[in-house]
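Observations on the three-dimensional arrangement
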Amino acid sequence: MYADEPMRPRTMQGRAPDVFTRGGWIPMQLRSDGEEVDFVVIGTGAGGGPLTARLAEKGFSVVAFDAGPYFRPLEEFASDEASQSKLFWTDERIVDGANPLKMGANNSGKAVGGSTVHFAMVSLRFRPEWFRSRTLLGYGADWPLDWREMWTYYAQAEQDLSISGPLSYPWGPKRPRYPYRAHEVNAAGLLLAKGAEAMGYRWSPTPLATVSAPRGNSPPCVYRGFCRVGCSTNAKQSQLVTYIPRAVRAGAEIRDLAMVGRIEVDATGRATGVHYHRDGVWRFQRARNVVVAGYAIETPRLLLNSATDRFPDGLANSSGLVGRYLMTQSNQAVWGEMEEEVRWNKGPPSLALTEHWNYDDRKDFFGGYCWMGQGPLPIEWSSVLTGARGLWGEALRRQMENYNHQIGLKMVGEMLPHLDNRVTLSEEHDQYGLPIPRITYSWTDNDKALIDHGLAQMRTSLELVGARNIFLQKDDTNHLAGTARMGFSRETSVVDADCRSWDIPNLFVCDGSVFPTTGGVNPHLTITAIALRTADRIEALAKRGEL
Amino acid sequence: MTDGTASRYPGYNVLSKRDGPSWDEVTRQVIDRRLNVPREPRFLDPERFRTLKAVCGRILPQPPERPDVPLAAHVDAKLFDNALDGYRHADLPPLREAWLRGLAALDAEAHAAHGRAFADLAYRQQDTLLRRCEAGELSHPAWDGMPPASFFSQRVLADIVAAYYAHPSAWSEIGYGGPASPRGYVRMGANRRDPWEASEARPGRERTALKENRRVR
Amino acid sequence: MDTRSPTGPVAVALAAAGGMTVLGMALSGAGLRRSGRRVAARANAVVGAADRRTAVTAARRLNRASGTLAASVLFDSAVEHYRGGFHNKAMYTPLVAATLSLLVSAHGHRDRGHDAELARDLVYAGAGLAGLLGTGFHVFNVGKKPGGFGWQNLFYSAPLGAPAALCLSGLLGWLSERVRDNAPDTAPLVLGIPAGRVVGAATAAGIIGTVAEAGLLHLRGQFHDPFMLLPVTVPPVAAGFCAAAAFGGAGRPRPLARWMLRASAVIGLSGSAFHAIGVARSMGGWRNWRQNLLDGPPLPAPPAFTGLALAGLAALSLLEDQPE
Ligand SMILES: Cc1cc2nc3c(=O)[nH]c(=O)nc-3n(C[C@H](O)[C@H](O)[C@H](O)COP(=O)(O)OP(=O)(O)OC[C@H]3O[C@@H](n4cnc5c(N)ncnc54)[C@H](O)[C@@H]3O)c2cc1C
Ligand code: SF4
């Protein structure tokens, strides 16, 4: 039930799986370990995917590593929650603190394409003020990025990922029209809309990274609702079906099932390449530049694991901030039952949302949040019932029988960066012999105030549409950010605006870990926009001979 | 799954869609494998397995009119494969160790309280023990520092309940459509059912539901 | 690399359908000058009085137009209302009305006499009425959904334009009876106005409405294929010519208008072929027809253009025959 045959690397023979055909291949350029490539990128998710594609398209030689397999969704993604856990990062991690995080399925992917292979596709932009939240809103930290510049990269990301969104989006500054139209909103989403209208809030069909009409070889979404365990339709515009094929065509090499364990740094303090584990052996790839894009846990872990005599506290860590300011997002929910059949598993889970409290500042805490419709599959739903309500036995089975009548609203809320929420190395080792991470997390009082506000608001919304047996799920969190924050100076941050480390000039970090604050929306579009910008910046630096 | 009119979705069986457009080859393979999980333990010894079976019986008591989902076998398979979740709370030992210790401790508690193995207790006694475990009220030395409440919520509940709702019998029971690729769903509005979805036996429409469910392909 | 265009068999099929369409549109212009001269000669031959045979021919053409529209409505509403589970009994109405309209249109097509038939008139009037009521229903349904008359509901809720096609079928049918029914040695009149003008104006309006519907749905599909632009570019031109003819001088050939109408008729037919490719490239293709016939591009919708183009051609004939 849980075991799949162990997979072997697929991209060893100068070809990569063609994600659009069963058993198909596309040609891929191979590089040897000894060749000093322009860039090694570690991780092929929301950050590493677009960066690899853009760098290759700009003519750099790039090898991208991913610890996970290179799947063909059409033939390898079962319509099944349990077996699709093969998409998640399930290596051991230890969690503690006052509010230990749930990892694995909740926030960590391990596959070519990273977490975007199983993400929920919600594709939102930051509110412009969040890029200067310290100055304008009085909390967190300012970003060294200008929102207007980000607006153009968001637009590019939305084009590249064929985001399906409404013709006009109700919040924030004007944005170009989404490349594809919004999807039909299911019953669960319409109940969110009804509740929002009753509260006097605006709502919107959610901009999603799954196509509502054909795009290339992607057929439109069939509303099967398995998005969070992988889209076998290929409607989902994950990195795996967008930037990765682009990267391969542009000459990048993708090394699947290749776990980078250590970044090598020479006596002059420059990175020279990476040690990686593939097909049972450790190898070394030489590189002129190294980009880490392993997400908020693996990125600091790798930097810390790469400590040398010269950098005893880990690479890029003269500020002592690698691993610190870890952020998650509050993902609390309110659930209830309707008289009518809702059948919430039909369609992508979050077809409608309201960002009201991201843009309304009349509240007595910092940060904002949005909430979205929900459609958990049975295992996930049962874990809500056991977790939040402690149900088991007959009571659980009876409650589960209401599955088709259930509705829910879930928030994505901004948690504040805190120095002590962090990733460190534990004493235990994993299958590669590398120290496993320990993740420590506690909510701040502001976080708790935001959560209470959100829960009360969502509860009202459910009450207004006539839901019964309403209950609150108070403990859930999801997306990660921080641990290698970008900033204005080497004392207060790990990387600069170009995602380049202050300490090691040819070492970059380009993923969710560079976020100084996390905002009240899902992060992937911002990560992708940053990666697109970083590629442009690297090109500019190279032209000026500053790489 | 069940034909009894007591069922909320009489006559509905997700497996009737197995050869239709809602299932693809990889899904068929995965579910076939699940339905054929080895019934004999491969990781736990018979004594622990007996305890586990008893625990499963209380966490998810199953209806008598259909074959049980072999929950203990699925948990044992997870242990055999050492299929990790990707994290564990700092106060819990790793997956296998946690189950071994937890099952032994439950048995030790049963012996201490009633002089019998956990599996030999009456349902009520088993429930009481489990509830005390859930509340963190157990303290036999056999726990060896592992908090019973964490063991209960993060191992017992999580692993057993996940195994149950991964099973087609459970999907049929709750009227869930099950696998859906290449065919997904068409009718998205409230009270709208695709003909390949479960039909609910609301009062007064039990026969219609039965008829519609038999036609699900 | 461009990941926006399909590759493989889908690309081949699309290219083939596109090629055939363009070829068909081009060929539909061939031979128009000659037939134009013929028409002019005939018109000159019967100075002062319209040929009753022409009137019957035009009427039968209108029957075909009405029937084509009815068929399109019949299949379209059958599919759409099946999707809706016929949860409201009124959802059977367009099926009944369109079927009857289709039947009497066939009857009219075979009828070479020049008398109106009461039964046909009644059915056509009924179809028109049903179309009006349907539009009302759909407007009501959209209005009460969250989001009201916003884009989202225009895209996905009960289509406002669909019942109007039933209206048009009824209207064209009713007009066909009026055209057929003209007194000897007079030009066919409808409510005192020359029939060619009425039919032409109605057709132009109908085409514009249908273009709006196609435009809305193709916008929903983000005009992801360039051929999706055809139904929103050629038929409006045809409608323009048609309107110009309706309000312009009579008794002369209009080869360009004919060409554009014929091209629109071709687009209506090839549209169904394109839509069939669309169904095939959806997940699961034709094997998943229970989903893709409903969620994919609607096969029966495009021939509405063919029906209207037929009506437009009938109008042109009437106008060409009509003495100046
Ligand atoms: C279930 C779920 C739903 C989500 N839904 C949404 C959503 O709706 N909208 C949204 O915006 N965001 C969503 N997210 C979050 C989003 O997916 C992530 O924020 C985003 O993908 C992070 O991008 P990244 O590049 O930082 O890391 P990832 O996308 O996680 O990519 C990291 C990659 O690096 C690889 N890697 C790590 N370390 C190493 C190493 N040492 N060697 C080799 N490879 C390595 C990993 O295998 C992985 O593939 C969701 C996440 C999850 C888990
Ligand atoms: S609902 Fe759409 S995006 Fe989600 S898995 Fe299904 S086809 Fe893919």
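Residues numbered from 1 in each chain as written. Chains lettered and ligands numbered in written order. Predicted model: local features only at pLDDT ≥ 70, side-chain atom pairs only at ≥ 80, totals over all residues. Heavy atoms only, no water.

From N to C terminus, chain C includes 12 helices and 2 strands. Counting helices and strands in the order they occur from the N terminus, chain C gives α-α-α-α-α-α-α-β-β-α-α-α-α-α. Relative to a compact globule of 324 residues, whose C-alpha radius of gyration would be 20 Å, chain C shows 20 Å and is just as compact. By principal-axis analysis of the C-alpha atoms, chain C measures approximately 65 × 45 × 35 Å. By residue count, 50% of the 324 residues in chain C fall in the buried class. (Helix = DSSP H or I, 4+ residues; strand = E, 2+ residues; numbered from the N terminus. Rg over C-alpha atoms; globule rule 2.2 N^0.38 Å. Buried < 20%, exposed > 50% of the residue type's maximum accessible area, 1.4 Å probe, protein only.)

The interface of chain B with chain A comprises 65 residues on the first partner and 64 residues on the second. A buried area of about 5,200 Å², summed over both sides, lies between chain B and chain A, and 54% of it is on carbon and sulfur atoms. Among the residues chain B hides against chain A, the three largest losses belong to Y87, R88 and M188 of chain B. Together they make up 15% of the total. If you look at where chain B meets chain A, you find 8 salt bridges. Between R34 of chain B and D80 of chain A there is a salt bridge whose closest N-O contact spans 2.5 Å. If you look at where chain B meets chain A, you find 28 residue pairs in polar contact (both at pLDDT 80 or more). Listing elements by their share of the side of chain B that touches chain A, those giving two or more residues are α1 (25–35), α2 (46–59), α3 (71–81), β1 (88–89), α5 (123–134), α6 (148–164) and α7 (168–174) of chain B. For the side of chain B that touches chain A, the class distribution of residues is 33 nonpolar, 12 polar and 20 charged. With 2 bridges joining them, strand β5 (residues 94–96) of chain A and β1 of chain B adopt parallel strand pairing. Bridge pairing in β1 of chain B links V95 of chain A to H89 of chain B. (Contact = heavy atoms within 4.5 Å. Buried area = accessible area lost by both parts, 1.4 Å probe. Salt bridge = Lys/Arg side-chain N within 4 Å of Asp/Glu carboxyl O. Polar contact = N/O pair within 3.5 Å; in protein donor to acceptor, adjacent residues only side chain to side chain. Nonpolar A, V, L, I, M, F, W, Y, C, P; charged D, E, K, R; others polar. Pairing = 2+ DSSP bridges.)

The next point concerns the site of ligand 2. Residue and element names in this part refer to chain A. Around ligand 2 sit M121, T210, C221, V222, Y223, R224, G225, F226, C227, C231, T233 and P348, and those are all the residues in its vicinity. In a pocket analysis with a 2 Å cut-off to the grid points, ligand 2 is assigned to the largest cavity. Class assignment for the residues of the shell around ligand 2 results in 8 nonpolar, 3 polar and 1 charged. (Near = heavy atom within 4 Å. 1 Å grid on protein atoms, 1.4 Å probe; cavity = no way out; pocket = protein on both sides within 12 Å on 5 of 7 lines; lining within 4 Å. Sits in = over half its atoms within 2 Å of the grid points.)

Here the focus is the nonpolar core. Generally speaking, soluble globular proteins have nonpolar side chains that are buried together. I263 and W371 of chain A together with L52, I59, W99, I160 and Y165 of chain B are the most contacted members of the largest nonpolar core, which has 237 residues in total. Two domains each donate at least three residues to this core, and these are domain 1 (35–169) and domain 2 (185–217) of chain B. Membership of the second largest hydrophobic core comes to 43 residues, among which are A58, L172, V211 and F305 of chain C. (Core = buried A, V, L, I, M, F, W, Y, C linked by side-chain atoms within 4.5 Å. Domains from an automatic or database assignment.)

Summed over all chains, the structure comprises 32 aromatic pairs over all chains. Look at F126 of chain A and F131 of chain A: their rings are 5.3 Å apart centre to centre, the planes differ by 35 degrees, and that puts the pair in the tilted class. A single burial state applies to F126 of chain A and to F131 of chain A, both of which are buried. Aromatic side chains W335 of chain A and W344 of chain A sit 5.6 Å apart centroid to centroid with 85 degrees between the ring planes, which places their arrangement in the edge-to-face category. Counting every residue linked through ring pairs, the aromatic cluster contains W335, W344, W381, Y403 and F471 of chain A together with W171 and Y176 of chain B. Sitting over the face of the ring of W89 of chain A, K110 of chain A holds its NZ or CZ atom 4.7 Å from the ring centroid. Over the ring of F80 of chain B we find R42 of chain B, and its NZ or CZ is 4.3 Å from the ring centre. (Phe/Tyr/Trp six-rings, centres within 6.5 Å; stacked < 30°, edge-to-face > 60°. Lys NZ or Arg CZ within 6 Å of the ring centre and 35° of its normal.)

Residues and elements named next belong to chain A. Residue placement: G433 occurs in the loop between β18 (422–429) and β19 (435–440). Judged by its relative accessible area of 44%, G433 falls in the partly exposed class. Note: C-alpha distance between G433 and G261 (172 residues apart in sequence) is 9.1 Å.

The UniProt record marks residues 108–308 of chain A with the feature "domain: Glucose-methanol-choline oxidoreductase N-terminal" (unreviewed entry), using the residue numbering of this structure. The span residues 108–308 of chain A carries 25% helix and 18% strand; its end-to-end C-alpha distance comes to 28 Å. (UniProt positions renumbered as here; feature names shortened; annotations may be inferred.)

Together, Y92, V96, L100 and L103 of chain C make up a nonpolar patch on the protein surface, roughly 380 Å² of accessible area in all. Turning to its location among the elements, V96 of chain C is positioned in helix α4 (residues 93–110). (Patch = residues over 30% accessible without salt bridge, like charges linked within 9 Å, V, L, I, M, F, W, Y side chains within 5 Å. Areas by Shrake-Rupley, 256 points an atom, 1.4 Å probe, with all protein chains shown as cover.)

Here we take up empty space enclosed by the protein. Residues and elements named next belong to chain A. Throughout the structure, instances matching the rule amount to 7 cavities of 30 Å³ or more. Estimated volume of the largest cavity: approximately 80 Å³. If you trace the largest cavity, you find it lined by M121, T210, C221, V222, Y223, R224, G225, F226, C227, C231, T233 and A235. Split into classes, the residues belonging to the lining of the largest cavity amount to 8 nonpolar, 3 polar and 1 charged. (Points joined across faces, edges and corners; volume = space filled by probe spheres on them.)

Let us look at the packing of α3 of chain B against helix α4 (residues 95–114) of chain B. Residue and element names in this part refer to chain B. Packing of α3 against α4 brings their axes to within 9 Å, and their N-to-C directions diverge by 135 degrees. Between α3 and α4, the crossing angle belongs to the class labelled oblique. The element α3 and its partner α4 pack so that their crossing is left-handed. On α4, the residues touching V75, K78, L79, F80 and D81 of α3 are L95, R96 and W99. Grouping the amino acids of the contact of α3 with α4 by side-chain chemistry returns 5 nonpolar, no polar and 3 charged. (Axes fitted to C-alpha atoms, helices over the stretch in contact; angles between N-to-C directions. Parallel < 35°, antiparallel > 145°, perpendicular 65-115°, else oblique. Left-handed = near helix turned anticlockwise from the far one by under 90°.)

It is worth spelling out the site of ligand 1 at this point. Residues and elements named next belong to chain A. Residues in contact with ligand 1 amount to 40 residues; listed here are only the nearest, D66, S115, V122, Y295 and H524. Measuring from an oxygen atom of ligand 1, one finds a backbone N or O atom of A46 at 3.1 Å. Contact with the protein chains removes 98% of the 990 Å² of surface that ligand 1 exposes when unbound. Elements represented by at least two residues in the shell around ligand 1 include exactly β10 (258–265), α7 (295–305) and α12 (524–543). With 3 residues, the top contributor of residues to the shell around ligand 1 is β10. Residue composition of the shell around ligand 1, grouped by class: 18 nonpolar, 17 polar and 5 charged.

At the junction of the two partners, chain C supplies 23 residues and chain A supplies 33 residues. Approximately 2,400 Å² of surface area, both sides summed, lies buried where chain C meets chain A, with 57% of it carried by carbon and sulfur atoms. At the junction of chain C and chain A, the tally comes to 0 salt bridges. Linking chain C with chain A are 9 residue pairs in polar contact (both at pLDDT 80 or more). Broken down by secondary-structure element, the contributors of at least two residues to the side of chain C that touches chain A are α6 (151–156), α8 (195–220) and α11 (289–295) of chain C. If you tally residues by element for the side of chain C that touches chain A, the top one is α6 of chain C, at 4 residues. A class-by-class count of the residues in the side of chain C that touches chain A yields 8 nonpolar, 10 polar and 5 charged.

All names here are of chain C. Among the structural elements, G240 can be located in helix α9 (residues 234–247). On the basis of relative accessible area, G240 is assigned to the partly exposed category, the value being 39%. The spacing of G240 and A201 is 39 residues in sequence and 9.8 Å in space, taken between C-alpha atoms.

On to the pattern of salt bridges. Tallied over the entire structure, the rule returns 73 salt bridges over all chains. The salt bridge partner of R343 of chain A is E197 of chain B, with a shortest N-O separation of 3.7 Å. Taken together, the residues span two chains, with R343 of chain A in the loop between β14 (333–337) and β15 (352–354) and E197 of chain B in the loop between α7 and α8 (206–214). Here the two residues R343 of chain A and E197 of chain B agree in accessibility, since each one is buried.

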